[in-house]
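Understanding the architecture of this molecule
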Amino acid sequence: MMQKKWILTAMLAWSMLAGFSQTNNRPNVLIIYTDDVGYGDLSCNGAKVIATPNIDQLAQNGINFSNAHATASTCTPSRYSLLSGRYAWRKKGTNILPGDANLIIPTDITTLPKVFQRAGYITGVVGKWHLGLGNQSPVDWNKEVAPGPREVGFDYSFIFPATADRVPTIFMENQKALGLEEKDPIAVDYQKAFPGERTGKEHPELLKQPSDPRQGHDGHIVNGIGRIGFMQGGTRSEWTDEELGYVFNNKAVDFIDQSLKHKKPFFLYYAIHNIHVPRMPGTEFKGKSKLGYRGDVILEMDHSVGVVMAALKERGVLKNTIVIFSSDNGPVLNDGYMDQSAETATALNHKPGGVYRGGKYSAFEAGTRVPFIVQWPAKIAAGKRSDALVSQIDLMASFAAFLQVKLPGGEFTDSRNYFSTLMGQSMKSRDFIVEQPANSALCIVKDGWKYLSPSKGPALMGAVNIETGYSPEGQLYDLKKDPGEQANLAAKYPQRVQELKTLLEKIMAE
Ligand code: NG6
Ligand code: CA
């Protein structure tokens, strides 16, 4: 009896000591992955003319990273890496996808959600997908489309297929179009308009938010906004942009409730559609910021964070939920619509990328250096900052290590275990990061030095006022002294250029 008691006490002490590797009280994990939010768009990262109180609260209760990166400066490749633990540039056809593309994540590899499934979690995705659906072209939107989120590892999905500025402009729940009627089937085409379809190009008078003639977005019209591509049918299943935030918030909270009923921990990938174009804030947010609709959707995005955090708190699970807040790529002002974003930002001197140069699409830092905040009240200290170099690609291997899920032997991955850095227990940086600009050769960062490969790549289609950083000459920057990438030191330090180039070639050949 006495001995049994001693063993129990010892076990208890051990499980408390084991801390992070404790498996009997596994935390829920919520990744809030926003779209096109810049490092400098948050008040906790220095924004002065806009306030993001809910995100600031996350930072106050957790760790705010200053040197965290998406793998690419555009959406599809960043999301591909986050979920698969692999660099997108290793695989053809993983750049910004049209809305009728097929699934690009192989269904036979380990993914971030599959790691959680193997550890006994319930997994869900709510929000923007943009990783393709199905394996047949054209996609038949009138029945269940597979493979999709389920085959990638999500038990539940409530998504829109691509971006809000691309057809099909519909919600899909568990891979079926929501509210679709048999008598009005959906068809999608990215080449030509359907007979009788009224497009933004021919009917600008029908638009409540004009598209920028330099950047397309003048095809199918939904809710007074022109989109990329053409669509017919599905009239009653098309969304209203002002409701997107509201609908996704509800579905995210519903998913949390469903998983708690099952008494299993959950993994939720909440891919908030804001602040991507078309920026069409929910009615209650219109005109609330000083920065036009781009500012209003920042407020709405912050509100969404508040809604899910409040839900966690009300259900008593906030303490043991790891919340990770980030963005898929850097910020952009003019991205297809005349919504006054650039004008208002300039007038108030708002710098969406903070001190970093460039933005979405760029090879410069603001392309991939994104907000990254981690909160886990049960285990990690509040109000810390971390300047460690971290990459979203490591979430898969880090959670696999933490949850003691082994990757099948011999399976290739670019993901590495940096769990203690990601939880702020260690300040150990990743050895290097590789950055993928939209339309240019790769960049590499190591020990504070950044090398941008020379690029003969074509100019960016439709790019308006974007500092891409593309150049036919290689560039080298000392990010510690020159975070704004002003002084190209390639000619001064040829040796360092060579080292970084060789390392990049080695990684690319893996
Ligand atoms: C670009 C679109 C842009 C946006 C982007 C995808 C043009 C000229 N521009 O090609 O509006 O949709 O793709 O953004 O078509 S992302 O965040 O999903 O990568
Ligand atoms: Ca994006």
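Since we're looking at a predicted model, the values are computed, not measured.

Side note on the coordination of the calcium ion (ligand 2)
Tetrahedral coordination by four donors sets the ideal angle at the metal to 109.5 degrees; octahedral coordination by six donors sets it to 90 or 180 degrees. Bound to the calcium ion (ligand 2) on the protein side are Asp35 (OD), Asp36 (OD), Asp328 (OD), Asp328 (OD) and Asn329 (OD1), at distances that span 2.2 to 2.7 Å. What the six donor atoms of the calcium ion (ligand 2) show is an angle range of 51 to 174° at the metal, which sorts the shape as irregular. Between consecutive donors of the calcium ion (ligand 2), the numbers of intervening residues give the motif D-D-x291-D-N. Of the two residues, aspartate 36 sits in the loop between strand E1 (28-34) and helix H2 (53-61) while aspartate 328 sits in the loop between strand E13 (321-327) and helix H8 (341-348), which places them 292 residues apart along the sequence.

Thoughts on the site of ligand 1
Every one of the 19 residues lining ligand 1 counts as a neighbour, but Cys75, Asp165, Arg166, His217 and Lys360 are closest to it. Between ligand 1 and lysine 360 there is a distance of 2.8 Å, counted from an oxygen atom to a side-chain nitrogen or oxygen. Notes on ligand 1: free accessible area 450 Å², of which the protein chains cover 90%. Of the residues assigned to the shell around ligand 1, the class counts are five nonpolar, seven polar and seven charged.

Some words on the sheet that holds strand E4 (residues 122-128)
The 10 strands are arranged E7-E6-E5-E4-E12-E1-E13-E14-E2-E15 in an open sheet whose pairing can be described as mixed. Looking at the sheet topology across the chains shown, the edges are occupied by strand E7 (176-177) and strand E15 (384-386). Where strand E6 (residues 172-173) lies against E7, two bridges are found, and the strand directions are antiparallel. The residue bridging glutamate 173 from the neighbouring strand is lysine 176, located in E7. H2 contacts strand E2 (63-65), E13 and strand E14 (372-375) of the sheet and is inclined by roughly 60° relative to E14. Lying over the sheet, helix H9 (residues 395-402) contacts E1, E13 and E14, oriented at roughly 170° with respect to E13.

Comments concerning the domain arrangement of the protein
Its domain assignment divides the protein into domain 1 (23-186 + 233-422) and domain 2 (433-509). Relative to domain 2, the C-alpha centre of domain 1 lies at a distance of 26 Å. Each side of the interface is counted separately: domain 1 has 27 residues, and domain 2 has 27 residues. Of all residues in domain 1, Trp89, Arg357 and Ala363 give up the largest surface area on contact with domain 2, accounting jointly for 29% of the area buried on that side. Linking domain 1 with domain 2 are two salt bridges.

Quick notes on the nonpolar core
Counting 60 residues, the largest nonpolar core has Trp129, Tyr269 and Phe399 as the members making the most contacts within it. Ranked by residue count, the leading element in this core is H9, at five residues. Ignoring anything within four residues of it in the chain, the contact list for phenylalanine 399 reads Val29, Leu112, Val115, Phe116, Ile322, Ile324, Phe419 and Met423. By size, the runner-up hydrophobic cluster in this structure holds 45 residues, among which are Leu42, Ala252, Phe255 and Val317.

Some thoughts on the packing of aromatic side chains
Enumeration over the complete set of coordinates arrives at 24 aromatic pairs. Taken together, a centroid distance of 5.3 Å and an interplanar angle of 80° make the contact between phenylalanine 65 and phenylalanine 372 edge-to-face. On the criterion of sequence distance, the pair formed by phenylalanine 65 in strand E2 and phenylalanine 372 in strand E14 is long-range, its members being 307 residues apart. Judged by relative accessible area, phenylalanine 65 falls into the buried class, the value being 0%. Aromatic side chains phenylalanine 154 and tyrosine 269 sit 6.0 Å apart centroid to centroid with 20° between the ring planes, which places their arrangement in the stacked category. With phenylalanine 154 in the loop between helix H5 (149-152) and strand E5 (156-160) and tyrosine 269 in strand E12 (residues 266-271), this residue pair connects regions lying 115 residues apart in the sequence. Comparing phenylalanine 154 with tyrosine 269, the two get one shared label, buried. Over the ring of phenylalanine 432 we find arginine 430; its NZ or CZ atom is 5.2 Å from the centre of that ring.

Procedures and definitions
Residues numbered from 1 in each chain as written. Chains lettered and ligands numbered in written order. Predicted model: local features only at pLDDT ≥ 70, side-chain atom pairs only at ≥ 80, totals over all residues. Heavy atoms only, no water. Donors = N, O, S within 2.8 Å, 3.2 Å for Na, K, Ca; no water. Tetrahedral: all angles 85-135°; square planar, octahedral: opposite > 155°, others 65-115°. Helix = DSSP H or I, 4+ residues; strand = E, 2+ residues; numbered from the N terminus. Near = heavy atom within 4 Å. Polar contact = N/O pair within 3.5 Å; in protein donor to acceptor, adjacent residues only side chain to side chain. Areas by Shrake-Rupley, 256 points an atom, 1.4 Å probe, with all protein chains shown as cover. Nonpolar A, V, L, I, M, F, W, Y, C, P; charged D, E, K, R; others polar. Pairing = 2+ DSSP bridges. Contact = heavy atoms within 4.5 Å. Axes fitted to C-alpha atoms, helices over the stretch in contact; angles between N-to-C directions. Domains from an automatic or database assignment. Buried area = accessible area lost by both parts, 1.4 Å probe. Salt bridge = Lys/Arg side-chain N within 4 Å of Asp/Glu carboxyl O. Core = buried A, V, L, I, M, F, W, Y, C linked by side-chain atoms within 4.5 Å. Buried < 20%, exposed > 50% of the residue type's maximum accessible area, 1.4 Å probe, protein only. Phe/Tyr/Trp six-rings, centres within 6.5 Å; stacked < 30°, edge-to-face > 60°. Lys NZ or Arg CZ within 6 Å of the ring centre and 35° of its normal.

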